[in-house]
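Working through the structure, step by step
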Amino acid sequence: MTTQPTEPSLDSKKWWACVLAVCLLHAGILLYNLSNVPPTHGYDWPGHLSYLQYAADHWRTPPPEASAEFFNLPLYYFSAAALHHVTGLELGKSAQTLNVLLALLALGWLVALCRRLWGRQILPAVWLLGFYVLNPTIYRTFGMARPEAMIIPIFLAAGWLVTLTPATPKQWQQLAVWTGCLAGLAFGVRQWAVFLQAACMIWLFFSYRRTLNQSITSRGLWACLGLQTIPFLLMAILFLRIRGGGLLSFNAYPHWPDLRLLTRLDLPTLFSWPVRPALDDSFWPVLYADLWGDYWRYWREALGRDPMPSSPAMAASLARSMWAALPVMGLTLAGLLSRNSFQDQTARARAALHTFVRGLIAVSLTGYTTFAILYSEFGKGDTVKSIYLVYLIPFGGWLCSVAVHGLAKRLGQRAWVLWLPLALLIFFVLPNCFFLPTTNMIDRTWQKPPIQCPLDVTFGDKIDLVGYTLQSGPAEGDLSITLVWKTDVYVGANLKVFVHLVDKDGRLLAQSDAIPANWLRTTPSWLPGEFISDPHTLAFQPPAAPAPLRVFIGLYDDNNTRLFTASGDDHATISFTLGQPACK
């Protein structure tokens, strides 16, 4: 009689030592990135920080003109703002500190799942943790001021709850209420929480029937589904009322579905030159490359002055990451397709989580692909980001552990080969988890520059014109004026500066309309307390005799709406006469 080989288990101390090593690696990368990643880094940071600034100042959600991220739900931003007020940390750093705390909470949930589902079996436990810890998107999420950092531990908490699988109808009802509350809480962070609610309903439908042998017409089943849905709807309505706007309020508009986004695979590009601009028009390759690639480097180009990471060396490094992640993705797919029957003492818990994960992946990919084909614009790629589905990554680790668990029992003594895909991640993907500080970011100064003529004019309660320097050319037909701006908040809107030169009768002699600092410093890139020097040159025909002239200075948004000063004017006025001192 032969017995089927089983995977070896470790004693408790050795198991915890291995798990602790993985956790310390994760915590070390988090702390390294916390000390190196500037808050003004990553996807759409101006909109998120301006939202955070508005929440901290007003304790309500911002209107569209104050932040491009106005459509997001408020729970994350209010939490970061509260931490800012309690600790005194700068707003961006308070968000990053909150992210690290959330990351440690998520790691705690993941370790608890490992212990509950795999006992002292080390191979599937390390795979569950390793898939998560070695993923670059996790560190980009927790390194940026973005609400996705809060949604990960909430989804993991829901994953923990579904493994409880109670035995009585009353316990099922209690669990249904708790999962509905978690889904409602997640909705307060991001609209993607509707996927969590849908997955919880799928899990409840199948697990309740299987555990209690109930039919589809069972009143208890439908009572549980109702108890799960009601708290979710109540909390979702509450958060939507706090946010304001319509249910589908967004900073983009839907268009007729374009399925080309889903059918372009671009596999040769994905595995040879997987840089973001080359893949923007391909949904699945962008998700895959964004999941395992180093797109921090791409955003360093976008926010600083580093070269775009499309050099042969960079492209080769990213391509190696794409190839190295293939075996892991194969195991994830194998776990997804495997049968959710486990023959041991934790069978019900594993089967329940497997049902939940399958449902979550199905509704998430269906919902997100629908969203992408409705809102994505070819050539931009802003709508397709792996960070939107980052909550699936820890559950991808679960699927890998399921596949490894099944393969290990078949391979017996040869199960050591299952460590090789993890080794590929360590050698080729792990470096992408570390943020590399740039050496050539935008020059900034917090020291007030020399100013010929001081001013004190505030536009829109957020931007101060603190002074200017005025010089005329040799022929007195060129006027150079350098404005000095300052703000104490994050500016959400993209504003242009206008400088209009008029004569004593109000006739326009010359004008300059431009993004500040010769089109180099968009207003969303300004940091609180920073001084921005903004030169403008005006060429005009000087009057025959010295006469008083005026310069009108102001700011306007993309809709040509001007910002008003505290006195109610839509511009500041400088008066001078050629050949005489600029300041009187």
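Here the structure is shown first, and the text comes after it.
Since the model is a prediction, treat every value here as computed from it, not as a measurement.

**Considerations on the overall build of the protein**
Helix and strand content of the protein: 21 helices and 8 strands. Evaluated residue by residue, the protein yields a buried proportion of 55% over its 584 residues. Within the protein, residue pairs in contact and separated by at least 24 positions form 73% of the contacts whose partners lie at least 6 positions apart. On the protein, roughly 25,300 Å² of surface is accessible, and the fraction owed to carbon and sulfur atoms is 62%. Measuring between centres, the 43 positive side-chain charges of the protein sit 17 Å from its 35 negative side-chain charges.

**Concerning the side chain of N432**
Among the structural elements, N432 can be located in the loop between α20 (420-429) and β1 (453-459). When its relative accessible area of 3% is taken as the criterion, N432 is described as buried. A distance of 3.1 Å separates the side chain of N432 from the backbone oxygen of W292, its partner in a polar contact.

**Some details on the pairing of β1**
Alignment of β1 against strand β2 (residues 463-472), held across 5 bridges, turns out to be antiparallel. Bridge assignment links P454 to a residue of β2, and that residue is G467.

**Focus: the packing of aromatic side chains**
Considering all chains together, one arrives at 29 aromatic pairs under this definition. For the pair Y51 and Y77, a centre-to-centre distance of 3.7 Å together with 20 degrees between the ring planes defines the contact as stacked. Of this pair, Y51 sits in helix α2 (residues 45-58) while Y77 sits in helix α3 (residues 75-87), and the two are 26 residues apart along the sequence. You can call Y77 buried: its relative accessible area is 1%. Considering the side-chain rings of F205 and F206, the 5.2 Å spacing of their centres and the 85 degrees angle between planes classify their relative orientation as edge-to-face. The exposure class assigned to F206 is partly exposed, which follows from its relative accessible area of 42%.

**Focus on the packing of helix α17 (residues 326-337) against helix α19 (residues 393-411)**
Look at α17 against α19: their axes get within 7 Å of each other, and the N-to-C directions meet at 80 degrees. Considering their axes alone, α17 and α19 lie roughly perpendicular with respect to each other. Packed against α17, whose contacting residues are V328, L331, T332, A334, G335 and L336, the element α19 presents G396, L399, C400, V402, A403, V404 and L407 at the interface. Split by residue class, the contact of α17 with α19 holds 10 nonpolar, 3 polar and no charged.

**Regarding the sheet that holds strand β6 (residues 531-539)**
Spatially, the 4 strands line up as an open sheet ordered β1-β2-β3-β6, and their pairing is antiparallel. Each edge of the open sheet is held by one strand with a lone partner, namely β1 and β6. The mean angle between the axes of side-by-side strands here comes to 25 degrees, regardless of whether they run parallel or antiparallel. Of the pairings in the sheet, the one linking strand β3 (residues 478-487) to β6 comprises 9 bridges and is antiparallel in character. Within β6, the position partnered with K486 by the bridge is F531.

**Observations regarding the pattern of salt bridges**
Working definition: two side chains of opposite charge can pair if their charged atoms are close together. All told, the structure shown has 11 salt bridges when counted by the stated rule. Notably, a salt bridge pairs R507 with D503, separated by 3.1 Å at the nearest N-O pair. Here D503 falls in the buried class, since its relative accessible area comes to 10%. With its nearest N and O atoms 2.8 Å apart, the salt bridge here joins E530 to R521. Under the relative-accessibility criterion, E530 is labelled buried at 0%. Since its relative accessible area comes to 6%, R521 is described here as buried. Three or more residues are tied together by salt bridges with common partners; here these are D44, R146, E148, R190 and K385.

**Digging into unusual backbone geometry**
The backbone phi angle of W59 is positive, close to 55 degrees, even though this residue is not glycine. Inspection of the secondary structure puts W59 in the loop between α2 and α3. Look at W59 and you get partly exposed, because its relative accessible area is 44%. For D266, which is not a glycine, the phi torsion comes out positive at approximately 50 degrees. Within the secondary structure layout, D266 lies in the loop between α11 (260-263) and α12 (267-270).

**Focus on the sheet that holds strand β5 (residues 508-514)**
A sheet is described by the order of its strands in space; here 4 strands give the open sequence β5-β4-β7-β8, paired in antiparallel fashion. Whereas interior strands pair on both sides, the edge strands pair on one side only; in this sheet they are β5 and β8 (572-577). The mean inter-strand angle of the sheet, taken between neighbouring strand axes irrespective of direction, is 15 degrees. Bridging between strand β4 (residues 496-502) and strand β7 (residues 548-556) involves 7 bridges; their strand directions are antiparallel. Residue pairing for β7: V497 is matched across the bridge by L555.

Conventions and cut-offs
- Residues numbered from 1 in each chain as written.
- Predicted model: local features only at pLDDT ≥ 70, side-chain atom pairs only at ≥ 80, totals over all residues.
- Heavy atoms only, no water.
- Helix = DSSP H or I, 4+ residues; strand = E, 2+ residues; numbered from the N terminus.
- Buried < 20%, exposed > 50% of the residue type's maximum accessible area, 1.4 Å probe, protein only.
- Contact = heavy atoms within 4.5 Å.
- Areas by Shrake-Rupley, 256 points an atom, 1.4 Å probe, with all protein chains shown as cover.
- Lys, Arg positive; Asp, Glu negative; His and termini not counted.
- Charge placed at Lys NZ, Arg CZ, Asp CG, Glu CD.
- Polar contact = N/O pair within 3.5 Å; in protein donor to acceptor, adjacent residues only side chain to side chain.
- Pairing = 2+ DSSP bridges.
- Phe/Tyr/Trp six-rings, centres within 6.5 Å; stacked < 30°, edge-to-face > 60°.
- Axes fitted to C-alpha atoms, helices over the stretch in contact; angles between N-to-C directions.
- Parallel < 35°, antiparallel > 145°, perpendicular 65-115°, else oblique.
- Nonpolar A, V, L, I, M, F, W, Y, C, P; charged D, E, K, R; others polar.
- Salt bridge = Lys/Arg side-chain N within 4 Å of Asp/Glu carboxyl O.

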